[in-house]
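So the chains spell out like this:
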Amino acid sequence: GIQVEQSPPDLILQEGANSTLRCNFSDSVNNLQWFHQNPWGQLINLFYIPSGTKQNGRLSATTVATERYSLLYISSSQTTDSGVYFCAVEPGTYKYIFGTGTRLKVLA
Amino acid sequence: NAGVMQNPRHLVRRRGQEARLRCSPMKGHSHVYWYRQLPEEGLKFMVYLQKENIIDESGMPKERFSAEFPKEGPSILRIQQVVRGDSAAYFCASSPGSVDTQYFGPGTRLTVL
């Protein structure tokens, strides 16, 4: 089945720093979503981005479907950005396949 | 438009008891998916249901687990005779169609003592 790999697995930032999270997937996909799971466990949908680029405030994402990767950019990070960021792909079977996540900690 | 709702948010059970997790999809969504997140892992697909039908339960353990999505009311994930290994967060998602974006609920955290 399709493999989803995220990097880096862990990331510590000082408040105000920028970061790039990467998601590689091993086969073509119909859908791709980025999620933020906050420290309380709640899963927040950030982007639905099977291809192209989207921006929402300090966050933006780019998916290059032909090269099978997606990037999530966080600019001017804040402590509230801490948590786990998941990439999930849907390869045409309605089953979302989640990566193992990037654990982000932003220090004040 | 309210999002996907799950209850309870936290559930504690002793080994051997039954756990019932409920999921109300977003208004207008007739497709429901259940995922399980074990500690320190990503979410894994369990089952996909439409109203009154189980479409795909390939990710669900064959024993003790069952799911339903009746014509009226929420979808229910039922775990009988819970064991400590069932402790996890269970997320429900819904979508208007099978190839549409899935919207996730806040999850139910099950702890088995």
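In what follows, the accompanying structure is described. Here the structure is a predicted model, which is why all the values come from computation and not from measurement. (Residues numbered from 1 in each chain as written. Chains lettered and ligands numbered in written order. Predicted model: local features only at pLDDT ≥ 70, side-chain atom pairs only at ≥ 80, totals over all residues. Heavy atoms only, no water.)

1. Comments concerning the state of the cysteines
Turning to step 1, where the next piece is worked out: All chains considered together, the criterion is met by two disulfides over all chains.
Turning to step 2, where the next piece is worked out: Between the sulfur of C23(A) and that of C87(A) lies a disulfide, 2.0 Å long from S to S. Handedness of the C23(A)-C87(A) disulfide follows from its S-S torsion of about -55°: it is left-handed. With C23(A) in strand 3 (residues 19–25) and C87(A) in strand 9 (residues 83–90), this pair connects stretches of sequence that are 64 residues apart. Each member of the pair, C23(A) as well as C87(A), carries the same accessibility label: buried.
Turning to step 3, where the next piece is worked out: Residue C23(B) pairs covalently with C92(B) via a disulfide, S to S 1.7 Å. Around the S-S axis, the bridge from C23(B) to C92(B) shows a dihedral of about -45° and counts as left-handed. Of the two residues, C23(B) is situated in strand 3 (residues 19–24) and C92(B) in strand 9 (residues 88–95); the sequence distance between them amounts to 69 residues. (Disulfide = S-S within 2.5 Å. Helix = DSSP H or I, 4+ residues; strand = E, 2+ residues; numbered from the N terminus. Buried < 20%, exposed > 50% of the residue type's maximum accessible area, 1.4 Å probe, protein only.)

2. Observations regarding the packing of aromatic side chains
Aromatic ring pairs are described here by two measures, namely the spacing of the ring centres and the angle between the planes.
Turning to step 1, where the next piece is worked out: Under the criterion given, the structure shown has ten aromatic pairs over all chains.
Turning to step 2, where the next piece is worked out: Taking the centre distance of 5.9 Å and the plane angle of 70° together, the rings of F98(A) and Y35(B) count as edge-to-face. Taken together, the residues span two chains, with F98(A) in strand 10 (residues 97–98) and Y35(B) in strand 4 (residues 31–37).
Turning to step 3, where the next piece is worked out: The buried category is assigned to F98(A), whose relative accessible area is 9%.
Turning to step 4, where the next piece is worked out: Taken together, the ring pairs connect F35(A), F86(A), Y94(A), F98(A), Y33(B), Y35(B), F45(B), Y48(B) and F104(B) into an aromatic cluster. (Phe/Tyr/Trp six-rings, centres within 6.5 Å; stacked < 30°, edge-to-face > 60°.)

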